[in-house]
Amino acid sequence: MDRYARWNALLEILTDSGRISVEDAADRLDVSQATIRRDFDQLAQQQMITRTRGGAVANGVSYDLPLRYKTAKHAPEKQRIGAAAAALVSPGMVVALNGGTTTTEVARALAVRPELTGGVDDAQLTVVTNALNIANELLVRSRMKIVVTGGVVRPQSFELVGPLGGNILRDVTLDIALLGVDALDVTLGAAAHHEGEAAMNSLMVARARRVVIIADSSKLGGHAFARICPIDRIDTLVTDSNATTATLNAFVEAGVKIVTA
């Protein structure tokens, strides 16, 4: 297990339990106590946790981990979901992508489809995004037309938020919005932990002909702070095969098409 995977595991343990000792963490991750002490010290320096005598406790923001610590969670499912979502895109479309680990996998899947890329002046796909990392993924891997919204960077997700980006989104028309979310519920709709991200995503929804929510099964039935859109605005849900039949049926009854990866 590499350092970032360990940090991700430690942060998730602290999110669930609130505190953990060096000895317990070393046993659970099968590494030395010296390694755990170094990990705790480095995470504390980044204000992700608080060190205690013999262990660590979670900080209040641990529910919303920075993107770089989330990459290992449900990775195989997210890769399959990303490929399935990318398959919904056709040449010539204008596509919106927000930030997150799952939408990053969508971007990577789009970038390797040769029929979606063209020359500088004849791009076969236009991508509108408020995520700096996704813009970078597409720029270095393809020759699509990339439009980045304005705004203030949110370090946890690399997303641009705020009214500056809204001015751009109000002036574009989107064929499809492929949106990662923190939670999706049949009654409450799609939601994000951060209100600024939710507001940008809501603008993408308003400008899109078709809205596709991309979420692994752990997000289904969950709740988050800020609503993105109601369930009746969502056309399609792309999720993984671990979602239960009962959960998926509830979305189908609400009029949502299901794509299982």
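Preceding block: the structure.
Residues numbered from 1 in each chain as written. Predicted model: local features only at pLDDT ≥ 70, side-chain atom pairs only at ≥ 80, totals over all residues. Heavy atoms only, no water.

1. Here we look at the environment of L248
(1) Moving on: Here L248 shows up in helix α9 (residues 245–253).
(2) Moving on: For L248 and L178, which are 70 residues apart along the polypeptide, the C-alpha to C-alpha distance reads 19 Å.
(3) Moving on: Residues within four places of L248 in sequence aside, it is in contact with L220, T239, A243, I258 and T260. (Helix = DSSP H or I, 4+ residues; strand = E, 2+ residues; numbered from the N terminus. Contact = heavy atoms within 4.5 Å.)

2. A short note on the sheet that holds strand β11 (residues 189–192)
(1) Moving on: What the three strands build is an open sheet, ordered β10-β11-β13; its pairing is antiparallel. Pairing within the sheet leaves two strands with one partner each, and these edge strands are β10 (183–185) and β13 (226–229). Along the sheet, successive strands turn relative to each other by an average axial angle of 35°, direction set aside.
(2) Moving on: Relative to β13, β11 runs antiparallel, the two sharing three bridges. Following the sheet pairing, A190 is matched in β13 by C229.
(3) Moving on: Against the sheet, helix α8 (residues 195–207) makes contact with β11 and β13, and its axis sits at roughly 10° relative to β13, the strand it touches most. (Pairing = 2+ DSSP bridges. Axes fitted to C-alpha atoms, helices over the stretch in contact; angles between N-to-C directions.)

3. Things to note about the sheet that holds strand β15 (residues 257–260)
(1) Moving on: Strand order in the open sheet made by the seven strands is β6-β5-β4-β9-β12-β14-β15, with parallel pairing throughout. Here the strands that pair on one side only, and so sit at the sheet edges, are β6 (145–148) and β15. Mean inter-strand twist for the sheet, computed between neighbouring axes without regard to direction, equals 20°.
(2) Moving on: Set on the sheet, helix α6 (residues 132–141) makes contact with β4 (94–97), β5 (126–129) and β6; between it and β6 the angle comes to about 165°.

4. Observations regarding helix α2 (residues 22–29)
Every α-helical turn comprises 3.6 residues, leaving residues that sit three or four positions apart pointing alike.
(1) Moving on: Turning to α2, its buried residues number three or more, namely V22, A25, A26 and L29. Taken around the axis of α2, the buried residues stretch over an arc of 100°, which confines them to a single face.
(2) Moving on: In this fold, the buried residues of α2 make contact with α1 (3–17), β1 (19–21), α3 (33–45), β2 (49–52) and β3 (55–58).
(3) Moving on: A positive backbone phi angle near 60° is found at D30, which sits one or two residues after α2. (Buried < 20%, exposed > 50% of the residue type's maximum accessible area, 1.4 Å probe, protein only. Arc of directions from axis to C-beta.)

In short, geometric facts, not functional conclusions.
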